[in-house]
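These are the residues of each chain, in order.
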Amino acid sequence: MYVAQERRAYILRILQQRGSIRSSALARELGVTDETIRTDLVDMQAQGLLQRVHGGARYILPTPGCDSSTRPDCQLAALAAQHIEPGMKIYLDSDPLALVIVSQLEDKPCTLLTNSPELLTSLCATTLPHQIICLGGELNKDCGILDSPLARDSLFGEHQPDAALLVPPALRSEVAAYRHPLRAAWARAATEAAGQTLLMVPSLALQAHAAHIFPLPDGCTIITENNLPPGFSHPNLELIPFISAEDLQQSSGFDY
């Protein structure tokens, strides 16, 4: 049985991964009543963690002034930001977590590279001190990113990144995986071009499946909020947890 804190952390992770979810689905997944979920969503909305919509909730990015210390996405992003130095050129994956990471770099002006129209729109609405470069091309409506061979090749030329910040929806021992082949192709190109690869992996992704894989580069860093599952190993991967093993042992009923 989940306690309230564990249940709400799980809800936030689900929303960060899926974008939105229905209350009835959450109640089934967590084995609680609809009323319990409604209470959770009301309290979480009051904390600025989500927005309630008819029949469920949707993920919202953290807003200035909100308490980010208990948000798993903010904690994950803060760890990633520790690996970034001012002036670096960074390729950003097309995931909501990428913007959370950028918000942690307010005192580290960087050059941000992305081919995500949604991320570009969000970045334009901020006052963050970063240079933004759009890796252009034709919009692929199936996966919501801009693509062209020339744009992808620019990662190995004028727009070569110092670091690739990726949020793969699935991760296994030696491969990352995406649900769309074009997203996987861009992620693979970014890892091959960048001097450093940071993989932001919400713990749900460690048990997820996606069809389009690419091998993890040597020396990449996995940043997640949980210990890696049994059997997950790679000789050159670093795990940076923000939840300690002791904390997890005290919450043995929390199934990520």
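Preceding block: the structure.
Read on for an overview of the structure. For clarity, every value in this text was computed on a predicted model and none was experimentally measured.

Describing helix 6 (residues 117–124)
Point 1. All of the buried residues in helix 6 are Leu 119, Leu 120 and Leu 123. When helix 6 is viewed along its axis, its buried side chains cluster within an angular range of 100 degrees and face the same direction. Residues of helix 6 that are exposed and point more than 90 degrees away from the buried face comprise Glu 118, Thr 121 and Cys 124.
Point 2. Of the surrounding elements, those touching the buried residues of helix 6 are strand 4 (89–92), helix 5 (96–103), strand 5 (111–114) and strand 6 (131–134).

Points about the packing of aromatic side chains
Point 1. Enumeration according to the criterion identifies 2 aromatic pairs in this entry.
Point 2. Ring geometry for Tyr 178 versus Phe 214: centroids 6.1 Å apart, planes at 25 degrees, classification stacked. You can see Tyr 178 sitting in strand 11 (residues 175–178) and its partner Phe 214 sitting in strand 13 (residues 212–215), a full 36 residues away along the chain.
Point 3. Classification of Tyr 178 by relative accessible area gives buried; the value is 3%.
Point 4. Look at Phe 214 and you get buried, because its relative accessible area is 2%.

Here's the deal with the sheet that holds strand 1 (residues 20–22)
Point 1. Read across the sheet, 3 strands follow the order 1-3-2 without closing on themselves; strand pairing throughout is antiparallel. Of all strands in the sheet, those with a lone pairing partner are strand 1 and strand 2 (50–53), marking the two edges. This sheet shows a mean twist of 20 degrees between the axes of neighbouring strands, independent of strand direction.

What counts, and where the lines are drawn
Residues numbered from 1 in each chain as written. Predicted model: local features only at pLDDT ≥ 70, side-chain atom pairs only at ≥ 80, totals over all residues. Heavy atoms only, no water. Buried < 20%, exposed > 50% of the residue type's maximum accessible area, 1.4 Å probe, protein only. Helix = DSSP H or I, 4+ residues; strand = E, 2+ residues; numbered from the N terminus. Arc of directions from axis to C-beta. Contact = heavy atoms within 4.5 Å. Phe/Tyr/Trp six-rings, centres within 6.5 Å; stacked < 30°, edge-to-face > 60°. Pairing = 2+ DSSP bridges. Axes fitted to C-alpha atoms, helices over the stretch in contact; angles between N-to-C directions.

Any functional reading would require information beyond the geometric quantities listed.
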